[in-house]
Amino acid sequence: MSEAAQQNTTLGDESFMSADDLRSYMTEIEKAKLSKEFSAMDRADKAREELIKTLSQPMDLTPDTLHEIAQSLLTKMRLAAQRGETEIMVMRFPNVLCTDKGRAINNAEEGWPDTLTGRPRQAYELWRDYLRQGHYKLKAMIVDWPNGMPGDVGFFLSWA
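Keep in mind that this is a model prediction, so the values were computed, not measured.

Asks: Sorry, what's going on with a nonpolar patch on the surface here?
Replies: On the surface, Leu-22, Tyr-25, Met-26 and Ile-29 cluster together to form a nonpolar patch covering roughly 370 Å² of accessible area. Looking at where Tyr-25 falls in the secondary structure, it is placed in helix 2 (residues 19-56).

Asks: Looking at this model, I keep getting lost on the nonpolar core. Mind explaining?
Replies: Note that soluble globular proteins tend to have their nonpolar side chains buried in a common cluster. The biggest cluster of nonpolar side chains holds 21 residues, and the ones touching the most others in it are Phe-93, Ile-105, Trp-112, Leu-116, Val-153 and Phe-155. Within the residue set of this core, elements represented by two or more residues are helix 3 (63-82), strand 3 (87-93), helix 4 (103-106), helix 5 (118-131), strand 4 (137-142) and strand 5 (153-158). Beyond its immediate stretch of four places on either side in the chain, Phe-93 contacts Leu-55, Cys-98, Leu-116, Pro-120, Asp-152, Val-153 and Phe-155.

Asks: Would you mind showing me how to read the packing of helix 2 against helix 5 here?
Replies: A pair of packed helices is characterised by two quantities: the angle between their axes and the separation of those axes. Packing of helix 2 against helix 5 leaves a shortest axis separation of 5 Å and a crossing angle of 50°. Considered as vectors, helix 2 and helix 5 are oriented oblique to each other. Residues Thr-54, Leu-55 and Ser-56 of helix 2 lie in contact with helix 5, whose contacting residues are Gly-118, Arg-119 and Pro-120. Residue composition of the contact of helix 2 with helix 5, by class: 2 nonpolar, 3 polar and 1 charged.

Asks: Looking at this structure, I do not really get the packing of aromatic side chains. What am I missing?
Replies: For any pair of aromatic rings, geometry is given as the distance between the ring centres together with the angle between the planes. Enumeration according to the criterion identifies 4 aromatic pairs in this entry. Ring centres 5.6 Å apart and planes at 75° place the aromatic pair Trp-112 and Tyr-124 in the edge-to-face group. With a gap of 12 residues between them, Trp-112 in the loop between helix 4 and helix 5 and Tyr-124 in helix 5 connect regions that are remote in the sequence. Assessed through its relative accessible area of 14%, Trp-112 is described here as buried. Since its relative accessible area comes to 12%, Tyr-124 is described here as buried. A centroid spacing of 5.7 Å and a plane angle of 45° characterise the contact between Tyr-124 and Trp-127, whose relative ring orientation is tilted. Here Trp-127 and Tyr-124 lie together in helix 5, a separation of 3 residues that amounts to about one turn.

Asks: Would you mind going over unusual backbone geometry with me for this structure?
Replies: Excluding glycine, residues mostly carry a negative phi; peptide bonds, for their part, are mostly trans. The phi torsion at Lys-101 lies on the positive side, around 55°, for a residue other than glycine. As for its placement among the helices and strands, Lys-101 is situated in the loop between strand 3 and helix 4. Overall, Lys-101 belongs to the exposed group, its relative accessible area being 52%. The phi dihedral of His-135 is positive, around 70°, even though this residue is not glycine.

Asks: Where do I start with the side chain of Ser-158 in this structure?
Replies: Structurally, Ser-158 can be placed in strand 5. For Ser-158, a relative accessible area of 12% corresponds to the buried category. Those residues in contact with Ser-158, other than ones at most four positions away along the chain, are Thr-86, Glu-87, His-135, Tyr-136 and Lys-137.

Asks: For this particular structure, what's the right way to read the sheet that holds strand 4?
Replies: The pairing of strands in a sheet comes from backbone hydrogen bonds and takes either a parallel or an antiparallel form. Read across the open sheet, the 3 strands follow the order 3-5-4; overall the sheet is antiparallel. What marks the edges here is a single partner per strand, and that holds for strand 3 and strand 4. When strand polarity is set aside, the average angle formed by the axes of neighbouring strands in this sheet is 25°. Each of strand 3 and strand 5 is contacted by helix 3, which is oriented at about 135° to strand 3, the strand it contacts most. Against the sheet, helix 5 touches strand 3, strand 4 and strand 5, its axis set at about 15° to strand 5.

How each quantity is defined
- The numbers attached to residues start from 1 for each chain and follow its sequence in the written order.
- Reporting in this predicted model follows two pLDDT cut-offs: at least 70 for local features of residues, and 80 or more for side-chain atom pairs to be given and counted; totals over whole chains, interfaces and linings ignore these cut-offs and use all residues.
- To get the side-chain values, take all heavy atoms of the structure and skip hydrogens and water.
- Patch definition: residues with relative accessible area over 30% and no salt bridge; like charges joined within 9 Å; nonpolar side chains (Val, Leu, Ile, Met, Phe, Trp, Tyr) joined within 5 Å.
- The method behind every accessible area is Shrake-Rupley, applied with a 1.4 Å probe, and residues are considered shielded solely by the protein chains displayed.
- Salt bridges are defined by distance alone: a side-chain nitrogen of Lys or Arg within 4 Å of a carboxyl oxygen of Asp or Glu.
- Starting at the N terminus, helices and strands are each numbered in turn, a helix being any DSSP run of H or I of at least four residues and a strand any DSSP run of E of at least two.
- Put simply, buried Ala, Val, Leu, Ile, Met, Phe, Trp, Tyr and Cys residues joined by side-chain atoms within 4.5 Å make one nonpolar core.
- Each residue gets one of three labels from its accessible area relative to the maximum for its type: buried under 20%, exposed over 50%, partly exposed in between, using a 1.4 Å probe on protein chains only.
- Here, residues are in contact when the closest pair of their heavy atoms is within 4.5 Å.
- In this analysis, axes come from line fits to C-alpha atoms, helices being fitted only over the stretch in contact, and the angle between any two N-to-C directions falls in the range 0 to 180 degrees.
- Here the angle decides the label: under 35 degrees means roughly parallel, over 145 means roughly antiparallel, 65 to 115 means roughly perpendicular, and every other value means oblique.
- Three classes are used, and their members are as follows: Ala, Val, Leu, Ile, Met, Phe, Trp, Tyr, Cys and Pro are nonpolar, Asp, Glu, Lys and Arg are charged, and the others, Gly among them, are polar.
- Side-chain rings of Phe, Tyr and Trp, where Trp is taken by its six-membered ring, are said to pair if the distance between their centres is within 6.5 Å; with planes under 30 degrees apart they count as stacked, over 60 as edge-to-face, and otherwise as tilted.
- A pair of strands is labelled paired if DSSP reports no fewer than 2 bridges between them.

Shown next, in the form of structure tokens:
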């Protein structure tokens, strides 16, 4: 068989790839998949960094801002109550917004609010100053565990 015939063995109209060509093709596909995954992870990391940057800066709590927050919260609570729920997650944030990366929250330590910074601290203070007197409860807990380590923190408002 000539060299050209060996390189391009055909069956009907379809050209066959050699085993080496097929392995090379599979390697290229795997590289492309990894490249997409790394790109997606890079975008996710950048989005997370932006979120941390935003949430680390306290909001200017004007009367209009407080009214908007209250209306949004009231709408979410009504919808949850209509579904028969007695609790909603009102905030989720990276544990790096706690001075101890969420250790006190994870261990349900009494002084856990003192570890909060930025907007999570403000959210806690809004509950303390406005909602606690209405007998609403605020629970903080770690809501995900990437690689077995504490991840994001969730604030849950309940009226049960």
